[in-house]
Amino acid sequence: SVPQTPKNILYVRADSFGDLILFTPALSRLIKAWPAARHTLLVRPGYDSLKPLFPAEIDWKTAAINPFKDTPAAARAALQTLLAELEANPPDLIVAATLSRTWLEVAIAARFPHARRVALGHGAVDPLFAMALELELGVKSSGVFPEVVEADVAALDWENNHRIADHLLGRKGERTAPVLSLP
């Protein structure tokens, strides 16, 4: 069973610079609620340049995989390396906090079936990538995230990020908008 207070949280964010900034307020809430947990933000190379703008408590992990462009077969070696690194300290909570699900989030969540796996919205993996994921890696994308937080289609992305934080914490919290402060 998954501990009520997670010890090792993996946030999979393979998206854009702006979306990462929009995620900051919700991420700060989770860090404040679980200060003893390890908070790891998985991003693509280059996106870790945002590190100075984020809470210092975050561990940054880069993966040389672009799940919007690379197929699972093309990224197989990089994916196996990433999964082996994650298995050294397995997450007990995996958060897919993007509305657009990618095969990378699914592949990671499928590798850690004992972790609590939570996704924002019902965004399905692109059908071609989903088929490739199943054929090439034997991973079915349906049902990998047992907990799905309903996204509000009328809300802004940062507001939906707070929805997933509310779900994870089991209570509604303050909705603070993202603020960009340059060092």
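Residues numbered from 1 in each chain as written. Predicted model: local features only at pLDDT ≥ 70, side-chain atom pairs only at ≥ 80, totals over all residues. Heavy atoms only, no water.

**Regarding the pattern of salt bridges**
Spelled out, the test is: Salt bridge, as applied in this entry: a Lys or Arg side-chain nitrogen positioned within 4 Å of an Asp or Glu carboxyl oxygen. Strands here are runs of E lasting at least two residues and helices are runs of H or I lasting at least four, both read from the DSSP assignment and numbered beginning at the N terminus. In this scheme, a residue with accessible area under 20% of its type's maximum is buried, one over 50% is exposed, and one in between is partly exposed, where area comes from a 1.4 Å probe on protein chains only.
Inspection of every chain in the model, using the stated rule, returns seven salt bridges. A salt bridge links Arg 38 to Asp 59; its shortest N-O distance comes to 3.0 Å. Within this pair, whereas Arg 38 is found in strand 2 (residues 38–43), its partner Asp 59 is found in strand 3 (residues 58–62), the two being separated by 21 residues in sequence. Residue Lys 140 is joined to Glu 134 by a salt bridge in which the shortest nitrogen-to-oxygen separation is 3.9 Å. Under the relative-accessibility criterion, Lys 140 is labelled exposed at 54%. Residue classification places Glu 134 among the partly exposed positions, given a relative accessible area of 38%. A single network of salt bridges, built from pairs that share partners, joins Arg 29, Asp 166 and Arg 175.

**Some thoughts on the environment of Leu 22**
So the rule is basically this: Only heavy atoms matter for contacts: two residues are in contact if any of them lie within 4.5 Å across the pair.
Tracing the sequence through the fold places Leu 22 in helix 1 (residues 17–33). With a relative accessible area of 24%, Leu 22 lands in the partly exposed category. Expressed as a C-alpha distance, the spacing of Leu 22 and Leu 156, which sit 134 residues apart in the sequence, is 9.4 Å. Not counting residues within four places of it along the chain, the set of residues in contact with Leu 22 comprises Asp 157, Trp 158, Asn 161 and Pro 178.

**Section: the nonpolar core**
Using the following cut-off: Here, nonpolar core refers to any group of buried Ala, Val, Leu, Ile, Met, Phe, Trp, Tyr and Cys residues whose side-chain atoms link them within 4.5 Å.
In terms of nonpolar packing, the biggest core is built from 29 residues, with Tyr 11, Trp 34, Leu 41, Phe 54, Val 95, Ile 164 and Leu 168 touching the most fellow members. Elements supplying a minimum of two residues to this core: strand 1 (8–12), helix 1, strand 2, strand 3, strand 4 (93–96), strand 5 (116–120) and helix 5 (157–169). Looking at which element gives the most residues to this core, the answer is helix 1, with seven residues. Discounting chain neighbours no more than four positions away, the residues touching Val 95 are Ile 9, Leu 10, Tyr 11, Val 12, Val 118, Ile 164 and Leu 168. Listed in part, the 28 residues of the second largest apolar core include Ala 109, Phe 112, Val 125 and Val 139.

**Some thoughts on the environment of Pro 35**
As for its placement among the helices and strands, Pro 35 is situated in the loop between helix 1 and strand 2. Its relative accessible area of 66% is what places Pro 35 among the exposed residues.

**Let's talk about the packing of aromatic side chains**
Note the following rule: For Phe, Tyr and Trp, rings pair up if their centres lie within 6.5 Å, where Trp contributes its six-membered ring, and each pair is then called stacked (planes under 30 degrees apart), edge-to-face (over 60) or tilted (otherwise).
Scanning the entire structure with this criterion turns up three aromatic pairs. Measuring from ring centre to ring centre gives 5.8 Å for Tyr 11 and Phe 23, while their planes differ by 65°; the resulting arrangement is edge-to-face. Taken together, the positions of Tyr 11 in strand 1 and Phe 23 in helix 1 put the pair 12 residues apart, joining distant regions of the chain. One exposure class covers both Tyr 11 and Phe 23, and it is buried.

**Comments concerning the confidence of the model for the protein**
Short version of the rule: Looking at any residue, its pLDDT shows the predictor's confidence there, from 0 to 100.
In this model, the protein carries an average pLDDT of 90, and 97% of its residues clear a pLDDT of 70 or more. Model confidence for the protein, summarised as mean pLDDT per element, is weakest for helix 4 (residues 127–137) at 85 and strongest for strand 1 at 97.

**Some remarks on the sheet that holds strand 1**
Cut-off, in case you're wondering: Here, any two strands with at least 2 DSSP bridges between them count as paired. For helices, the fitted line uses only the C-alpha atoms of the stretch in contact; every axis is such a line through C-alpha atoms, and the angle between N-to-C directions lies from 0 to 180 degrees.
Taken together, six strands build an open sheet; the order of strands is 3-2-1-4-5-6 and the sheet is parallel. One side of each edge strand has no neighbouring strand; the edge strands of this open sheet are strand 3 and strand 6 (147–149). Neighbour-to-neighbour, the strand axes of this sheet turn through a mean angle of 20°, independent of strand direction. Relative to strand 3, strand 2 runs parallel, the two being bridged by five bridges.

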